[in-house]
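Spelled out, the chains give:
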Amino acid sequence: MALPRSPHSIQMGEEVMNRLAQDVLELEDRIKERDRAAEQMTTDEFIDQKEIRIQIDMALPRSPHSIQMGEEVMNRLAQDVLELEDRIEERDRAAEQMTTDEFIDQMRNKNTSRKTNSDVNKLKTWLSDQNELREFHEIPPQELDLLLARFFMTAKKCDGGDYEPDTLKSIQGSINRHLTEKHCNINLIKDKEFKHSRDVLMSKRKLLRQNGKGNKPKKLNH
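Rules used throughout
Residues numbered from 1 in each chain as written. Predicted model: local features only at pLDDT ≥ 70, side-chain atom pairs only at ≥ 80, totals over all residues. Heavy atoms only, no water. Helix = DSSP H or I, 4+ residues; strand = E, 2+ residues; numbered from the N terminus. Expected span 1.5 Å × (residues − 1). Buried < 20%, exposed > 50% of the residue type's maximum accessible area, 1.4 Å probe, protein only. Phe/Tyr/Trp six-rings, centres within 6.5 Å; stacked < 30°, edge-to-face > 60°.

K.L.:
Would you mind showing me how to read helix α3 (residues 141-154) here?
P.N.:
Its 14 residues place the ends of α3 20 Å apart at the C-alpha level, agreeing with the 20 Å of an ideal helix rising 1.5 Å per residue. Every buried residue belonging to α3 is among L144, D145, L147, L148, A149, F151 and F152, and all of these are buried.

What follows is the structure in structure tokens.
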């Protein structure tokens, strides 16, 4: 059962709560006052220190020697800045030059790759017309030599015309480059196994020149 609450006990409880609330308010006021005093002390100390530094700085003598040293330091700094700017400009020029060189190399590589693929496709098409279905880099050297000899002797352009003499030589170089890219340990231009195809190519180029191919028009003298 609950204990009875007399009017007197209730009144005493309310008085205690009121005193506690008053104590809390007083404590908060004291804390705020202390914080304001600490902040004011900090700002006052800062002002005092600043004034002391200004007084010391004004009291120090400025000799001609110290002024000269200051000017020398400033001159050296200015010189360093100029040298740094020159180095930056030189580096930028070098980077720009490197970029253009890389662009030229990339374009050259793209053109070479395009030319190689085009010439290789010419040989592949010719081999297909001969019912030769093997990849030519898989054909044994002796067989490939004979096939290349026939190719150089009979190859025609799409319109049925003859190739220029230098074009046939360029096709040989493209085929050789393709074989190198395929990691074939053969060289159409140097290996003795391909002497026959080289001889046929040389003879075909000579014949084409005799027929007027590859001859540059003579310049007229004015």
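Here the narrative resumes, following the displayed structure.
K.L.:
Honestly, the packing of aromatic side chains in this entry has me stumped. Any pointers?
P.N.:
How two aromatic rings sit relative to each other is set out by the distance from centre to centre and by the angle between their planes. Under the definition given, this model contains two aromatic pairs. Plain terms: the ring middles of W126 and F151 are 5.6 Å apart, the flat faces sit at 70° to each other, and that makes the pair edge-to-face. Of this pair, W126 sits in helix α2 (residues 64-129) while F151 sits in helix α3, and the two are 25 residues apart along the sequence. Taken as a pair, W126 and F151 share a single burial class, namely buried. Taking the centre distance of 5.6 Å and the plane angle of 55° together, the rings of F151 and F152 count as tilted. F152 carries the same exposure label as F151, and that label is buried. Three or more aromatic residues joined by ring pairs form one cluster here, namely W126, F151 and F152.

Such coordinate-based values are descriptive only and should not be taken to indicate function.
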